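Structure assessment
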Amino acid sequence: MSAVKFRAFSPEVTFPEEALEQVISFIDSHGDRNSVSLVCKAWYEADRWCRRRLFIGNCYAVSPQIVTRRFRDIRSLTIKGKPHFADYNLVPQGWGAHALPWIAAMAEAYPALEELRLKRMVVTDEALELIGKRFVNFRVLVLCCCDGFSTDGLASIAAHCRNLRVLDIFESEVADLRGNWISHFPDSYTSLESLNISCLESELTFAALERLVDRCPKLTTLRVNRSVPLEKLAILLDKAPQMTDLGTGMFMTEPRPELYTMLAGAFSRCKELKSLSGLWDVAPFYLPAIFPVCSGLTSLNLSYAPIHSPDLIKLLGNCKNLQRLWVLDYIEDRGLEVLASSCKDLQELRVFPSEPYDPDPNIALTEQGLVSVAVGCPKLQSVLYFCRRMSNQALVTIARARPTLTRFRLCIIQPHCPDHITQGPLDDGFGAIVEHCKDLKRLSLSGLITDQVFQHIGAHGKKLEMLSLAFAGNSDAGLHFVLSGCKNLKKLEIRDCPFGDRALLLNAAKLETMRSLWMSSCRVSYGACQLLGRKMPRLNVEVIHENSSPGHTSEECTVEHLYIYRTVAGPRLDAPEFVCTMNENSTTVHQPQ
């Protein structure tokens, strides 16, 4: 590389290219690196040569070919695929987000790639085999909420990635063909540091898992699936007392005092344990066995653990240093009161529904539990809370007690649910949240909400980056308030709201500053989508019709799903038949026969 000099800030100051690359390499933030590359041509070139870590928030915002032309030596790559609403089955099967073209391009351009993290992408066994055979020093594979592959693909990774440190398939859908894939790790393999296979369903070959754990002295994270019974868990803990992050298997069997003693002893020897998850089907008899490690826990994920409030209260009373809790609504208000009084370092709380489709579950969880945590936990920053009722009074109390919130997601299970005290809309409560929480970056709304709350969001949500809406608003004005007011908004996802063409077309320029907009079951017409696509060539405007062909839809017909995202790659080439991209080359609209 030739030594290129450039002038920085004044004519007297020059830097060799190598020095500039050294300085830029210390910038870790993806956003800051992107900003640096826009300063001038010299900085762009320096970033091009020294960039090692790359984050792509939408796999269709750029093509693999554009990436490989720009950057010369990427070692760590993170790519997101399907929209977030795919988690709620709103994105049709077969929509796209295929990982293979990316992996094939990376194999040609970056054979030294060491880390790959994919989220909501379709990953085939062929893609996993390519990773195993082409990246000679591959170390980290994280597949979050991915699908399309089987345990045969995992076997290929195990057999070929001799330097693998991290294998994490969190919440992925895996065709679980056989449990002996784990035996494909060679006997000489000792580098594993983190293994998360909690989403698998078949029974693992325990002897192979035990040998793997035994020969990997740096293994600190192990999350097994529910097929691993309690007696086997105790064996694994004895093999790896250095564990800091543990996901257990099934935590239930008939009461056996000798097994309880063995399990409690194994936990007591894990002096470094900070994170605990799993605990499927918990037997209360064995729950106290984990008490010896509770004082050191900072993270506790009980989102699959049907532990009822009395037992949870005993458990949480021992977790004085907890910073992160995921739990089912079995905790009830009383449990959350204990959490508030015991866990003063709590930063994140997520409460999930145990029976979301039961219209009247026997669960004593209300808005009061969340109020208790907000008032009692001074470090609270992030909330995801499923409940069946809420009040403006509670939301105002939360906003005033905890203005440091950066993420607030409230999911009232029944749509259009009003303030249970006044029977009016929840506008004042959510308005207080956005007004008092100045650093709020992520917000999800539910319940009975009018356009007034969107006026509050547009006026006060200046740092808001992601907003999720469902069954909310009165008219186009609500969407207009959000798009015209939230200057830092990156992702907006909407379902079943009365938002239509006018607000969308009036704020077309705003869409180019965002990463994406998703709308389902709203009032956007096919004709407006065509107009937007032709007007904004740097946007991909995708109309998605599961039940009909988009090419035979009248202009007045409302679209089922609309996905808009900015891109430098143009319309994608792998769109299925039920996806039509609106642009200047869109076909003429046909009237239905």
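The rules we used
Residues numbered from 1 in each chain as written. Predicted model: local features only at pLDDT ≥ 70, side-chain atom pairs only at ≥ 80, totals over all residues. Heavy atoms only, no water. Helix = DSSP H or I, 4+ residues; strand = E, 2+ residues; numbered from the N terminus. Rg over C-alpha atoms; globule rule 2.2 N^0.38 Å. Buried < 20%, exposed > 50% of the residue type's maximum accessible area, 1.4 Å probe, protein only. Contact = heavy atoms within 4.5 Å. Areas by Shrake-Rupley, 256 points an atom, 1.4 Å probe, with all protein chains shown as cover. Lys, Arg positive; Asp, Glu negative; His and termini not counted. Charge placed at Lys NZ, Arg CZ, Asp CG, Glu CD. Disulfide = S-S within 2.5 Å. Salt bridge = Lys/Arg side-chain N within 4 Å of Asp/Glu carboxyl O. Core = buried A, V, L, I, M, F, W, Y, C linked by side-chain atoms within 4.5 Å. Polar contact = N/O pair within 3.5 Å; in protein donor to acceptor, adjacent residues only side chain to side chain. Axes fitted to C-alpha atoms, helices over the stretch in contact; angles between N-to-C directions. Parallel < 35°, antiparallel > 145°, perpendicular 65-115°, else oblique. Pairing = 2+ DSSP bridges. Right-handed = clockwise from strand over helix to strand, strands pointing away.

**Re the overall build of the chain**
Of regular secondary structure, the chain possesses 21 helices and 25 strands. Taken over C-alpha atoms, the radius of gyration comes to 26 Å for the chain, in line with the 25 Å a tight globule of 593 residues would show. Structurally, the chain occupies a C-alpha span of about 75 × 70 × 65 Å along its principal axes. Taken over 593 residues, the chain has a buried fraction of 55%. When contacts within the chain are restricted to residue pairs at least 6 apart in sequence, long-range pairs at least 24 apart make up 70% of them. Of the accessible surface of the chain, which amounts to about 25,300 Å², a share of 51% is contributed by carbon and sulfur atoms. Across the chain, the 65 positively charged side chains and the 66 negatively charged ones have centroids separated by 7 Å.

**Here we look at the state of the cysteines**
Per the stated rule, a full pass over the model turns up zero disulfides. In this structure C417 is a free cysteine whose sulfur lies 8.0 Å from that of C387, the closest cysteine sulfur available. You can call C417 buried: its relative accessible area is 13%. Summary of cysteine pairing: C497 is not part of a disulfide, and the nearest cysteine sulfur, belonging to C522, is at 5.4 Å. On the accessibility criterion, C497 (3% relative accessible area) is buried.

**A closer look at the pattern of salt bridges**
Tallied over the entire structure, the rule returns 26 salt bridges. Taking the shortest distance from any N to any O, the salt bridge between E348 and R350 comes out at 2.8 Å. D574 is paired through a salt bridge with R572; the nearest N and O atoms lie 3.0 Å apart. Judged by its relative accessible area of 9%, R572 falls in the buried class.

**Here we look at the nonpolar core**
Core analysis: the largest hydrophobic core is formed by 184 residues, its most contacted members being F267, F408 and L492. Aside from chain neighbours lying at most four places away, what touches F408 is L370, V383, L395, I398, F430, I433, L440, R442, L443 and S444. Within the second largest apolar cluster, seven residues are counted, among which are W326, L328, L384 and F386.

**Details of helix α14 (residues 367-376)**
Side chains three or four residues apart in an α-helix point the same way, a direct result of the helix having 3.6 residues per turn. Of all 10 residues in α14, eight are buried, a share of seventy percent or more. Within the span of α14, buried status applies to E367, G369, L370, V371, S372, V373, A374 and G376. Buried-residue contacts for α14 involve α13 (332-342), β16 (348-352), β17 (382-387), α15 (392-401) and β18 (407-412). At the N-terminal boundary of α14, the capping side chain belongs to T366, with an oxygen 3.1 Å from the backbone nitrogen of Q368.

**A few points about unusual backbone geometry**
With phi around 55 degrees, F471 is a residue other than glycine that occupies positive phi space. In this fold, F471 is placed in the loop between β20 (466-470) and α18 (476-485). Note on F471: relative accessible area 23%, which makes it partly exposed. One non-glycine residue, S521, lies in the positive phi region at around 55 degrees.

**Some words on the packing of α13 against α14**
The relative placement of two packed helices is expressed as an angle between their axes plus a distance between the axes. Where α13 meets α14, the closest approach of the two axes is 8 Å, and the angle between their N-to-C directions is 0 degrees. By the angle between their directions, the pair α13 and α14 is classed as roughly parallel. For the pair α13 and α14, contact is made by D333, L336, E337, L339 and A340 and by Q368, G369, L370, S372, V373 and G376, respectively.

**Considering the pairing of β18**
By the criterion of burial, β18 is predominantly enclosed, with five of the six residues buried. Two strands pair when backbone bridges link them, and β17 and β18 are joined in this way by six bridges, in the parallel orientation. Bridge pairing links Y385 to L410 in β18. In this view, the connection linking β17 to its parallel neighbour β18 by way of α15 has right-handed handedness. One ladder, built from three bridges, connects β18 with strand β19 (residues 442-444); its direction is parallel. When the sheet's bridge partners are listed, F408 is paired in β19 with L443. In the classification by handedness, the crossover that spans β18, the intervening helix α16 (residues 427-436) and the parallel β19 is right-handed.

**Quick word on the environment of D238**
Take D238: it is sitting in helix α9 (residues 230-239). Remark: the alpha-carbon pair of D238 and L177, spanning 61 residues in sequence, is separated by 29 Å. Leaving out residues up to four positions away in the same chain, D238 has contacts with A266 and R269. A distance of 2.9 Å separates a polar atom in the side chain of D238 from a polar atom in the side chain of R269.

The quantities given are spatial measurements derived from coordinates; they are silent on function.
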